[in-house]
Amino acid sequence: MSGVSITRLNSSAESFNQQLDELLKWEAVSDLNVNQTVAEIINQIRQHGDEALIKYTNQFDRLSVDSVEELAISPEALQAALEQISFEQKQALTEAASRIRQYHEEQKSCSWQYAELDGTILGQQVMPLDRVGVYVPGGKAAYPSSVLMNVIPAKVAGVKEVIMVVPTPDDQVNALVLAAAAIAGVDKVFRVGGAQAVAALAYGTATIPSVDKIVGPGNIYVATAKRMVFGQVGIDMIAGPSEILVVCDGKTNPDWIAMDLFSQAEHDEDAQAILISPDSSYLEAVESSINKLLPEMERAEIIRQSLSCRGALIQVADIDEAIEITNRIAPEHLELSIENPEQYLPVIRHAGAIFMGRHTPEALGDYCAGPNHVLPTSGTARFSSPLGVYDFEKRSSIINFSAKGATKAGLVASVLARGEGLTAHARSAEFRIDKQSMGE
Ligand SMILES: NC(=O)c1ccc[n+]([C@@H]2O[C@H](COP(=O)([O-])OP(=O)(O)OC[C@H]3O[C@@H](n4cnc5c(N)ncnc54)[C@H](O)[C@@H]3O)[C@@H](O)[C@H]2O)c1
Ligand SMILES: N[C@H](CO)Cc1c[nH]c[nH+]1
Ligand SMILES: [Zn+2]
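Residues numbered from 1 in each chain as written. Chains lettered and ligands numbered in written order. Predicted model: local features only at pLDDT ≥ 70, side-chain atom pairs only at ≥ 80, totals over all residues. Heavy atoms only, no water.

(A) Summary view of the overall build of the chain. Summing up its helical and strand segments, the chain has 16 helices and 15 strands in all. Along the first, second and third principal axes, the C-alpha atoms of the chain reach 85 × 60 × 45 Å. Looking at the 440 residues of the chain, the share that counts as buried comes to 49%. Taking the contacts inside the chain whose residues are at least 6 apart along the sequence as the reference set, 75% of them involve residues at least 24 apart. Counting only carbon and sulfur atoms, one obtains 50% of the accessible surface of the chain, whose full area is about 21000 Å². Once the 35 positive and 57 negative side-chain charges of the chain are each reduced to a mean point, those two points are 8 Å apart. (Helix = DSSP H or I, 4+ residues; strand = E, 2+ residues; numbered from the N terminus. Buried < 20%, exposed > 50% of the residue type's maximum accessible area, 1.4 Å probe, protein only. Contact = heavy atoms within 4.5 Å. Areas by Shrake-Rupley, 256 points an atom, 1.4 Å probe, with all protein chains shown as cover. Lys, Arg positive; Asp, Glu negative; His and termini not counted. Charge placed at Lys NZ, Arg CZ, Asp CG, Glu CD.)

Now the structure itself:
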């Protein structure tokens, strides 16, 4: 295996903007073949339900089941998995779950109301979604941490029923994933994955109940299916490959930063890992660390490909310029490995999660810091937020007019409705106008 040839950019170069744009380019969920495959899978699930679900699961996950009952994982099996894992693993899952729960409790929204002087009451009622589907990826690796990150906020919001789907390729059921499901309080689990699982959750089959919203990350088939069923159900977001951007003043151990870059690069050949620093000798030191540490890594080839294609070391004039470039990139994860990172918080406008200081590696956020690890990618931090309790809540407006209030508002509505040529609207409002009270 060869070393990493990681792109070096200098913000003062004339071609910098063009080079940066090139580096950030990632074609999200647009492959025509994938679109066709996924559209066909969704169609088959809608038409043939469980029969198609069994067919695709046997085909893509290399199973040989005859009935959907074989694809359901019982609550007893979840408990058994919890007993089967080591004491250390159970403790780590429990501790992570408790920190994630505590953080998400802070996100709960409250219903509110206010009264006007004439007795009219206006407000907003917050309610949890009834039933949610959580997709847990399982093709190339198992993600118990993603079970906790997706299920706990749903349960904190008060969602009554959480249905989890996870593929078990070659019949490999991951005990940690099941144990995490038991700890997080999942209600039903089916070992199905890919577009067929998303379609089953969206439209329902005889065995899998249809849900109101589907959340959770997955590969391009999962992401494309989520995009296609949106409207039939809600979705959280379309997550692209993982990203990390580190801003460093040159005073953090270069080995630490190299490993932080690896931590996201090891997810995927398409993952993005960028380091920005004003110190050119530091960039060289991190490059040396990368090449020194890479051969030790289990997923070295994935890391090498990811850093070679979408990795970069960027030299800037100062930290202010580093922040300016960060805002352009709007990364999923931002590490501020600098002195007094707090002073830069007010000027960071776009980042999914901000890791502050030299002792806060992004990896802690992936597992147990407390905040969610499902975050906006591919620049979407410009307009979206981490997965949270708010994704599992919805709001209804409350409007309750007193007779006096209806008279006052009725006059306003009547004028506006007649201006729009909508006479039924106008007369509906006018019926509530109390002429006698108008002079009061
Ligand atoms: N953003 C996050 O928080 C987060 C967390 C964990 C994982 N991830 C990402 O999720 C992704 C997981 O991908 P994965 O593949 O390991 O698991 P996956 O569960 O998303 O996909 C596996 C499924 O893909 C389907 N599939 C595979 N090849 C297919 C084909 N040729 N045609 C139709 N369907 C096919 C199969 O049904 C299979 O069950 C990775 O990119 C990982 O980085 C993201
Ligand atoms: N970093 C991933 C989200 O970008 C989440 C994850 C799960 N396990 C490890 N990491
Ligand atoms: Zn990660």
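(B) Region of interest: the packing of helix H5 (residues 87-105) against helix H7 (residues 175-184). At their nearest, the axes of H5 and H7 sit 10 Å apart, and the two run at 45° to each other. Taken together, H5 and H7 sit at an angle that is classed as oblique. Every pair of crossing elements has a handedness; the one defined by H5 and H7 is right-handed. Mapping the contact onto sequence places Gln89, Lys90, Leu93, Thr94, Ala97 and Arg101 in H5 and Leu176, Ala179, Ala180 and Ile183 in H7. (Axes fitted to C-alpha atoms, helices over the stretch in contact; angles between N-to-C directions. Parallel < 35°, antiparallel > 145°, perpendicular 65-115°, else oblique. Left-handed = near helix turned anticlockwise from the far one by under 90°.)

(C) Highlighting the environment of Ile398. Tracing the chain through its elements places Ile398 in strand E15 (residues 393-400). Among the residues examined, Ile398 registers a relative accessible area of 26% and is labelled partly exposed. Put simply, Ile398 and Glu269 are 129 residues apart on the chain and 49 Å apart in space, counted from C-alpha to C-alpha. Beyond its immediate chain neighbours, meaning those up to four positions away, Ile398 contacts Gln113, Ile121, Leu122, Gly123, Gln124 and Gln125.

(D) The packing of aromatic side chains, seen in detail. Within the structure shown, the criterion is met by 2 aromatic pairs. Residues Tyr56 and Phe60 carry aromatic rings whose centres are separated by 5.9 Å and whose planes lie at 10° to one another, so their mutual orientation is stacked. Of this pair, Tyr56 and Phe60 both sit in helix H3 (residues 50-60), separated by 4 residues, roughly a single helical turn. Taking the relative accessible area as the measure of exposure, Phe60 reaches 36% and is therefore partly exposed. The interplanar angle of 5° and the centroid separation of 6.4 Å between the aromatic rings of Trp112 and Tyr114 together place this pair among those described as stacked. (Phe/Tyr/Trp six-rings, centres within 6.5 Å; stacked < 30°, edge-to-face > 60°.)

(E) Looking closely at the site of ligand 2. Contacts to ligand 2 come from Tyr143, Ser145, Ser242, Gln264, His267, Glu332, His333, Glu362, Asp366, Tyr367 and His373. A distance of 3.0 Å separates a nitrogen atom of ligand 2 from a polar atom in the side chain of His267. Ranked by residues supplied to the shell around ligand 2, first place goes to helix H14 (residues 362-367) with 3 residues. Residues belonging to the shell around ligand 2 are distributed by class as follows: 2 nonpolar, 6 polar and 3 charged. (Near = heavy atom within 4 Å. Polar contact = N/O pair within 3.5 Å; in protein donor to acceptor, adjacent residues only side chain to side chain. Nonpolar A, V, L, I, M, F, W, Y, C, P; charged D, E, K, R; others polar.)

(F) Just the coordination of the zinc ion (ligand 3), in detail. Bound to the zinc ion (ligand 3) are the protein donor atoms His267 (NE2) and Asp366 (OD), situated 2.1 Å from the metal. What makes His267 partly exposed here is its relative accessible area of 28%. (Donors = N, O, S within 2.8 Å, 3.2 Å for Na, K, Ca; no water.)

(G) Geometry of the sheet that holds E15. Taken together, 3 strands build an open sheet; the order of strands is E3-E4-E15 and the sheet is antiparallel. Edge strands, defined here as strands with exactly one partner in the open sheet, are strand E3 (112-115) and E15. Across this sheet, the average inter-strand angle for adjacent strands is 15°, counted without regard to direction. (Pairing = 2+ DSSP bridges.)

(H) Geometry of the site of ligand 1. Near ligand 1 there are 22 residues, and of these Asp61, Tyr135, Gly139, Lys140 and Asn219 occur at the shortest range. At a separation of 2.7 Å, an oxygen atom of ligand 1 approaches a polar side-chain atom of Tyr135. Backbone polar atom of His373 to an oxygen atom of ligand 1: 3.5 Å apart, as the coordinates give it. Mapped onto the shell around ligand 1, the elements with two or more residues apiece are helix H8 (194-203) and helix H9 (220-229). For the shell around ligand 1, a count of residues per class yields 9 nonpolar, 10 polar and 3 charged.

(I) Up close: the pairing of strand E12 (residues 311-315). Burial within E12 is extensive, with 4 of its 5 residues counted as buried. Sheet topology note: the strand E1 (residues 7-10)/E12 ladder contains 4 bridges and is parallel. Its bridge partner lying in E12, Thr7 is registered against Ala312. Bridging between strand E11 (residues 272-277) and E12 involves 5 bridges; their strand directions are parallel. When the bridges of E12 are listed, Ser277 appears paired with Gln315.

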